[in-house]
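# An overview of the molecular structure
Okay, here's what each chain looks like letter by letter:
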Amino acid sequence: MKHVDDYRDGDLARSLARLIADTVLPGRSYAFMEFCGGHTHAISRYGVEDLLPASIRLIHGPGCPVCVLPVGRLAAAIDLARMQPVTLCVYGDLMRVPTARGQSLLTAKADGADVRMVYSPLDAARVAEQNPARETVFFAIGFETTAPATAQTILYAARKGLGNFSVICNHVLTPPAIDAIMATSTDGGPPGLDGFLGPAHVATVTGITPFQSVAARHSKPVVIAGFEPLDVLQAILMLTHQINDGRAVVENQYRRAVTASGNRLAQEATAKVFALRERFDWRGLGVVANGALRLNENYDRFDAEKRFALSTPTMSDNPACACADVLRGARKPAECRLFGTVCTPETPIGSCMVSSEGACAAHWTYGRFRDPADRPRLEPAGAA
Amino acid sequence: MIVFDRKLDVARGRIDLSHGAGGRATTRLAHDIFYPAFANDLLAAGNDQAVFASPAARLAMSTDSYVVSPLFFPGGDIGALAVNGTINDLAMGGAQPLYLSASFIIEEGFPFADLRLIAESMGAAARAAGAMIVTGDTKVVERGKADGVFITTTGVGAVAPEVELSGERARPGDCVILSGGLGEHGVAVMIARQNLGFGAGIASDCAALHELTASMIAVAGPSIRLMRDPTRGGLAATLNEIAQQSQVGFKISEAEIPVKPAVAAVCELLGLDPLNVANEGKLVAIVDPVAAPALIEAMRAHPLGQDAAAIGTVIEDRHRYVQMETKFGGRRIVDWLSGEQLPRIC
Ligand code: SF4
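Only a predicted model underlies this, so the values are computations on that prediction, with no experimental measurement involved.

## Brief notes about the overall build of chain B
Along the backbone of chain B there are nine helices and 13 strands. Taking 346 residues into account, the globule formula puts the C-alpha radius of gyration at 20 Å, and chain B, at 21 Å, falls close to it. In terms of its C-alpha atoms, chain B occupies a principal-axis envelope of roughly 70 × 50 × 35 Å. Within chain B, the fraction of its 346 residues that count as buried is 55%. Carbon together with sulfur atoms contributes 51% to the accessible area of chain B, which is approximately 14,400 Å² in total.

As C-alpha cells, this is what we get:
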C-alpha cells in the first residue's frame, strides 16, 4: 500500500504546510469550504487543521448524501416497507438515520419490515431476480458519483424485463448545491467565504467543465481536490494562490483521476435514464430547482414513487438539531446545543451524526478534543 | 475408567442430540475426544468437579465465551483462541495459569473430526502454558440453533505476592507500552471469513502471553501499573477503558504504533482502522516512565514482545480523551467504535 502512504506522508505534509504559511498574506484571512464529507472526514482524521496557519479557516460543506436527504423521503420509504409486501434495499449508512417519529430503517427492520443492506444497486436488482414474486425497491442516494450505477442498474432491469424492481431516486447534483449555498445569505454564502474545495469523485464522472460556470457565476475559485490529506493541503495552497492573485477559476488538483470532460459512459447512462427534478427539498439547503434527478418518462415503470403512489410527507427535523445550518456552513457541529450531550453517534438526533461522511460524526469521532470547555452552543437559526 | 465396546467413528461421524443428553453417548464423546486431547488425571477421573490444592495465597479467575466465525483461520482456531484468551485474561492480572474448565455448546451435525481438531488444539495450548483443562461440559443444540461450536473457558491462576495490577492505577506521566503489531487477529479472521482474494500470509497473533508477562514482572514488577490485552475493539477500546477507569487521558503517537505493512494494506482496502481491530497475542502495559526502557528491553528479548514500543503517555484530562498525533502531523481523537465493527471475531 505504498501509494496510499505517499498521500499521507508527514514530511511532505510539513513542507506543504510551510509553503502555505509562506503564501498567506499578512493581515488577510481566508475561508474555504470543503464541499464533500470525504474531505471533512480526511481533515478531521488526519488533523489537517493543525498544519494550517491561523488565518485559514475551513468550513464544512453539504457534500454528504445521507445528510442532505430530507427525512420525509426516508419516512415514506420506511412506511412503504412497513405497510406493503416489498423488500427495501438500502445502503448501510442509512440504517440508523432517525426520522421525526423516532423511527429508523433499523427499527423498522427489527419490527419485521424486510429491509436489506446492499453494497450496490446491482445487488438490489439481484434480490429482485431471486424473488420474482415479490416487489424489490432500491432506495438510491448520492451525487453524480453514484447516479451512473443506479442508471446502469435500471438499464439492466429493463434488458432483463424485471417487472418487480423499482427505485426511489434521491440522486442530487453538485453545481446547484453550490449555487444554493451562495444564495443562503445576501453577501453570498457563509460569511467570508473565499472559495471551494471541489468534489473529486463527482468530477471524475462529470469532468471539470460544469464547475467552470459555477466559479464564474459566483466569482469564487474552485479547486477539485482528492480525499487524501495531502490532496486537501495542496488544494488549499492552490486556492490561497488564486485568492492572492485575484483569480476565480476552476483548477484540478486531482489530476490522477479527473479530466476536463469526465467519464462519458457514466454520463450517457445517467442522461439516458434520468431527467432533472424540478424541485427537490434538500435538507439544509431547502428547495433547490433542478438540483436533483428523477427517472425520465422512458423508464417510469421503474419509478417506485409512481408505482406505489408514494407521497413524501413534509417532516421537519428535531427543532434543536442544527444540521441545516451545519450543511450550509453557517454553524460548526460543536455549535449545536445537542452536540455531544443529547446527540452522539450512539443516540443520533440528526443524520449529520450518523453518516460516516457527516460533519457532526467526523467532529465527534476525531476532533471534539479541540472544543473549548465553554464552547458556545448557539440555537439553530429559525428555532423557537 | 469406563470401557466402551465400540469407539466413536471420529473420521466420519457427527454430533447428534444424544451427545448432549448426559447419558452414555455424552460420556463416550468425552472419553474418545476430550480426555485424550486434554490428557490429565484430574479430568480423566471423570468426576463432576476437579479437586486441587491452592498453590498460592492469591488466585486470579477469569471466564470468556468464544463464538468466532470461521472456526478455523490462519494462525489458529476456536480451541487455541479459547485457551489462550482466558490465559491472557489471567496473565494481565499478573497470574500464571493453572487450571481451566471448558464448556462446549455444539450444533447437531457437527463433525467429530473437527471437534477433535479443536480439542487437540486446546490441549496443546494448555500444555504449552503449563495449565490443565480439568473439568468441562457438553451440550448439543438442534441444527441451526448454533454455528458449529461455541466454547466457554474459565481459568484459575496463581498471582505472585508482589504484583498489584489494576485498571484504575494509571497516572499522568506514565508510559504506555505496546508489545507488538496491531490488527493481525481481526484481519486474519476477516480474510478467512470473506474469502478475500488478498492478504495471503497474514496469520492471527493468537498466543498465550503469561511468559511474556512473567518476564515483565521479573524486571519491573512494582513499576507496572496495569496490563491489558487489546482484543475486541482493539487498542482504541482498551485505552478508552483505562482512561475511564483511571480518570486520565492519553497522548499517543501514530508513528510509534507498530502495524505490519500487509495488515495496514488490508485494513485500508476494507476501510478498517488497525486501532479498532482485535488482537489475540498483544498487550498494553502502563508503567512508571523510569522503568520503561528496561521493561521494553526485557519484552523485546521475548519472541512475543520483539516489536515492543513505547507509544505514548498518560496525561491529565478531565474529558478522558485518547488523543493521537497522526503520522501526517495533525492531532485527532482515538474513540471507541459505535456499534460492532467486526462481529464474532473471538
Ligand atoms: S449534533 Fe446532532 S442534533 Fe446537532 S446538528 Fe449535528 S446531527 Fe443535528
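And the narrative resumes.
## Digging into the state of the cysteines
Scanning all chains against the criterion turns up one disulfide over all chains. A:Cys36 takes part in no disulfide bond, and the closest cysteine sulfur, belonging to A:Cys64, lies 10 Å away. We note that B:Cys267 lacks a disulfide partner, and the nearest cysteine sulfur, in B:Cys346, lies 16 Å from it. Its relative accessible area of 1% is what places B:Cys267 among the buried residues.

## Some points on the sheet that holds strand β1 (residues 58-66) of chain B
Residue and element names in this part refer to chain B. Pairing within the open sheet is mixed, and its four strands lie in the order β1-β6-β4-β5. One side of each edge strand has no neighbouring strand; the edge strands of this open sheet are β1 and β5 (132-141). For this sheet, the mean inter-axis angle between neighbouring strands, taken without regard to orientation, is 15°. Bridge count between β1 and strand β6 (residues 149-159): nine bridges; the pairing is antiparallel. Bridge pairing in β6 links Thr63 to Thr154. Sitting on the sheet, helix α4 (residues 112-128) touches β4 (95-107), β5 and β6, and the angle it makes with β4 is about 170°.

## Observations concerning the site of the ligand
Neighbouring residues of the ligand: A:Cys321, A:Ala322, A:Cys323, A:Cys336, A:Leu338, A:Phe339, A:Cys343, A:Ile349, A:Gly350, A:Cys352, A:Met353 and A:Cys360. Here the shell around the ligand is built from residues that sort into 11 nonpolar, one polar and no charged.

## Things to note about the nonpolar core
Ranked by internal contacts, the top residues of the largest apolar core, which has 100 residues, are A:Leu94, A:Phe139 and A:Phe165. For this core, the leading source of residues is helix α8 (residues 147-160) of chain A, giving six residues. Setting aside residues no more than four positions away along its own chain, A:Leu94 makes contact with A:Val66, A:Leu69, A:Leu74, A:Leu105, A:Phe139 and A:Ile141. Grouped together as the second largest cluster of nonpolar side chains are 44 residues, B:Ala119, B:Val140, B:Val189 and B:Cys346 included.

## Some points on the side chain of A:Glu34
All names here are of chain A. With respect to the helices and strands, the residue Glu34 is situated in strand β1 (residues 30-36). Buried charge without a partner: Glu34 forms no salt bridge, and the closest opposite charge is Arg57, 9.8 Å away. A distance of 2.5 Å separates a polar atom in the side chain of Glu34 from a polar atom in the side chain of His60. When residues no more than four places from it in sequence are discounted, the contact partners of Glu34 are His39, Thr40, Ile43, Leu58, Ile59, His60, Gly61 and Leu197.

## Comments concerning the pattern of salt bridges
Residue and element names in this part refer to chain B. The full count for this structure, using the stated rule, is 35 salt bridges over all chains. A salt bridge links Asp9 to Arg12; the nearest nitrogen and oxygen atoms lie 3.4 Å apart. You can call Asp9 partly exposed: its relative accessible area is 35%. The closest approach of N and O atoms between Asp137 and Lys139, which form a salt bridge, is 2.7 Å. Judged by its relative accessible area of 42%, Lys139 is partly exposed. One salt-bridge network, in which partners are shared between bridges, spans Glu184, Asp205, Lys260 and Lys282.

## So, the sheet that holds strand β7 (residues 195-199) of chain A
All names here are of chain A. Strand order in the open sheet formed by five strands is β2-β1-β7-β8-β9, and the pairing between neighbours is parallel. In this open sheet, the two edge strands, each paired with only one partner strand, are β2 (56-63) and β9 (250-252). This sheet shows a mean twist of 25° between the axes of neighbouring strands, independent of strand direction.

## Quick word on the packing of aromatic side chains
Residue and element names in this part refer to chain B. Summed over all chains, the structure comprises nine aromatic pairs over all chains. Here the aromatic rings of Phe34 and Phe38 are separated by 5.7 Å at their centres, their planes lie at 25°, and the arrangement is stacked. With a gap of four residues between them, Phe34 and Phe38 both fall in helix α1 (residues 24-38), about one helical turn apart. In this structure, Phe34 and Phe38 share a single accessibility class: buried. Where Phe52 meets Tyr99, the ring centres are 3.8 Å apart and the plane angle is 20°; that geometry is what we call stacked.

## Focus: the interface of chain B and chain A
Interface size, as often reported, equals the accessible area lost upon joining of the parts. Each side of the interface is counted separately: chain B has 18 residues, and chain A has 27 residues. Summing the contributions of chain B and of chain A, the shared interface buries around 1,900 Å²; its carbon and sulfur component is 55%. Area buried by chain B at its contact with chain A is led by B:Phe328, B:Arg331 and B:Arg332, which between them contribute 38% of it. Here chain B is connected to chain A by four salt bridges. A salt bridge links A:Arg8 to B:Glu268, with the nearest nitrogen and oxygen atoms 2.8 Å apart. On inspection of chain B and its partner chain A, the count reaches eight residue pairs in polar contact (both at pLDDT 80 or more). Within the residue set of the side of chain B that touches chain A, elements represented by two or more residues are α8 (261-270) and β13 (331-333) of chain B.

## Looking at helix α7 (residues 234-246) of chain B
Residues and elements named next belong to chain B. With 13 residues, α7 extends 19 Å between its outermost C-alpha atoms, agreeing within 8% with the 18 Å of an ideal straight helix rising 1.5 Å per residue. Taken together, the buried residues of α7 touch β7 (175-178), β8 (224-228), β9 (249-253), β10 (284-287), β11 (309-315) and β12 (322-325). Once α7 finishes, Gln247 follows within two positions and takes phi at roughly 55°, a positive value.

## So, the environment of B:Ala188
All names here are of chain B. Checked against the element boundaries, Ala188 lands in helix α5 (residues 184-194). A relative accessible area of 0% means that Ala188 is categorised as buried. A sequence separation of 16 residues divides Ala188 from Ser204, and the C-alpha atoms of the two residues are 5.4 Å apart. The residues contacting Ala188, other than those within four sequence positions of it, are Pro74, Ile202, Ala203 and Ser204.

## Comments concerning α8(A)
Within an α-helix, residues lying three or four positions from one another point in the same direction, as the helix has 3.6 residues per turn. Over its 14 residues, α8(A) runs 20 Å from end to end, which matches the ideal 20 Å to within 8%, given 1.5 Å per residue. After α8(A) finishes, the residue A:Gly161 shows a positive phi value of roughly 65°.

## Thoughts on the confidence of the model for chain B
Here chain B shows a mean pLDDT of 93. Residues at 70 or above account for 97%. Interface confidence for the predicted complex, given as ipTM, is 0.80, next to a pTM of 0.86.

## Overview of the domain arrangement of chain B
All names here are of chain B. We note that the domain assignment places domain 1 (17-159) and domain 2 (175-333) within chain B. Just the C-alpha atoms count here: the centres of domain 1 and domain 2 sit 27 Å apart. The interface of domain 1 with domain 2 comprises 21 residues on the first partner and 21 residues on the second. Carbon and sulfur atoms make up 62% of the surface buried where domain 1 meets domain 2, a total of about 1,600 Å² over both sides. Together, Pro74, Asn88 and Met92 form the three largest contributors to the area buried by domain 1 at its contact with domain 2, with a combined 34%. Taken together, domain 1 and domain 2 are joined by zero salt bridges.

Reading the values: rules and limits
- Residues numbered from 1 in each chain as written.
- Chains lettered and ligands numbered in written order.
- Predicted model: local features only at pLDDT ≥ 70, side-chain atom pairs only at ≥ 80, totals over all residues.
- Heavy atoms only, no water.
- Helix = DSSP H or I, 4+ residues; strand = E, 2+ residues; numbered from the N terminus.
- Rg over C-alpha atoms; globule rule 2.2 N^0.38 Å.
- Buried < 20%, exposed > 50% of the residue type's maximum accessible area, 1.4 Å probe, protein only.
- Areas by Shrake-Rupley, 256 points an atom, 1.4 Å probe, with all protein chains shown as cover.
- Disulfide = S-S within 2.5 Å.
- Pairing = 2+ DSSP bridges.
- Axes fitted to C-alpha atoms, helices over the stretch in contact; angles between N-to-C directions.
- Contact = heavy atoms within 4.5 Å.
- Near = heavy atom within 4 Å.
- Nonpolar A, V, L, I, M, F, W, Y, C, P; charged D, E, K, R; others polar.
- Core = buried A, V, L, I, M, F, W, Y, C linked by side-chain atoms within 4.5 Å.
- Lys, Arg positive; Asp, Glu negative; His and termini not counted.
- Salt bridge = Lys/Arg side-chain N within 4 Å of Asp/Glu carboxyl O.
- Polar contact = N/O pair within 3.5 Å; in protein donor to acceptor, adjacent residues only side chain to side chain.
- Phe/Tyr/Trp six-rings, centres within 6.5 Å; stacked < 30°, edge-to-face > 60°.
- Buried area = accessible area lost by both parts, 1.4 Å probe.
- Expected span 1.5 Å × (residues − 1).
- pLDDT = per-residue confidence, 0-100.
- Domains from an automatic or database assignment.

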